[in-house]
Amino acid sequence: MRKVCETVGFLLFVQGVTGLLHEWLDWFRFFSLVQRLPFVAAYPLFASIVLLVAGAAVMIASDAVKE
């Protein structure tokens, strides 16, 4: 279960970073999930920051999960 939490946290973190890079530098156009979701397309910067923080929190919290 710990590896699953770490993997999910890493994927959320990467999506947040790619969303920010897409907003600021117009990179990772095809990899960013934020632009493809219609309910967060109006707030891509905020959604990317939330994904980044949530991914970091899940990775940190995965240390508390027992095997």
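Our subject is the structure that appears above.
Residues numbered from 1 in each chain as written. Predicted model: local features only at pLDDT ≥ 70, side-chain atom pairs only at ≥ 80, totals over all residues. Heavy atoms only, no water.

## Regarding the overall build of the protein chain
Within the protein chain one finds two helices and zero strands. For the C-alpha atoms alone, the extent of the protein chain along its principal axes is close to 40 × 20 × 15 Å. Looking at the protein chain as a whole, 24% of its 67 residues qualify as buried. Of the contacts made within the protein chain by residues no fewer than 6 positions apart, 54% connect residues no fewer than 24 positions apart. (Helix = DSSP H or I, 4+ residues; strand = E, 2+ residues; numbered from the N terminus. Buried < 20%, exposed > 50% of the residue type's maximum accessible area, 1.4 Å probe, protein only. Contact = heavy atoms within 4.5 Å.)

## A word on helix α2 (residues 44-61)
With 18 residues, α2 extends 25 Å from end C-alpha to end C-alpha; this agrees with the ideal 26 Å at 1.5 Å per step. Those residues of α2 lying buried are P44, A47, S48 and G55. Down the axis, α2 shows its buried residues gathered within 100 degrees of arc, on one side only. Facing away from the buried side of α2 by more than 90 degrees, the exposed set consists of F46, V53 and I60. (Expected span 1.5 Å × (residues − 1). Arc of directions from axis to C-beta.)

## Quick look at a nonpolar patch on the surface
Among the surface-exposed residues, W24, L25, W27, L45, I49 and V53 lie close enough to one another that they form a single nonpolar patch of about 630 Å² accessible area. Among the elements of the structure, α1 (2-25) and α2 are those that each provide at least two residues to the nonpolar patch. Sort the elements by how many residues they give to the nonpolar patch and α2 lands first, with three residues. Mapping L45 onto the fold places it in helix α2. (Patch = residues over 30% accessible without salt bridge, like charges linked within 9 Å, V, L, I, M, F, W, Y side chains within 5 Å. Areas by Shrake-Rupley, 256 points an atom, 1.4 Å probe, with all protein chains shown as cover. Salt bridge = Lys/Arg side-chain N within 4 Å of Asp/Glu carboxyl O.)

## What about the pattern of salt bridges?
Per the counting criterion, the structure on display carries three salt bridges. Here R2 makes a salt bridge to E6, at a shortest N to O gap of 3.7 Å. Residue R2 and its partner E6 are located together in helix α1, separated by four residues, close to a single helical turn. For E6, a relative accessible area of 24% corresponds to the partly exposed category. For R2, the salt bridge is made with D63, and the minimal N-O distance between the two is 3.1 Å.

## Structural notes on α1
Between its first and last C-alpha atoms α1 spans 34 Å; for 24 residues at 1.5 Å apiece the expected length is 34 Å, and the two agree. Here α1 has its buried residues at C5, G9, Q15, G16, T18, G19, L20 and H22. A positive backbone phi angle near 60 degrees is found at D26, which sits one or two residues after α1.

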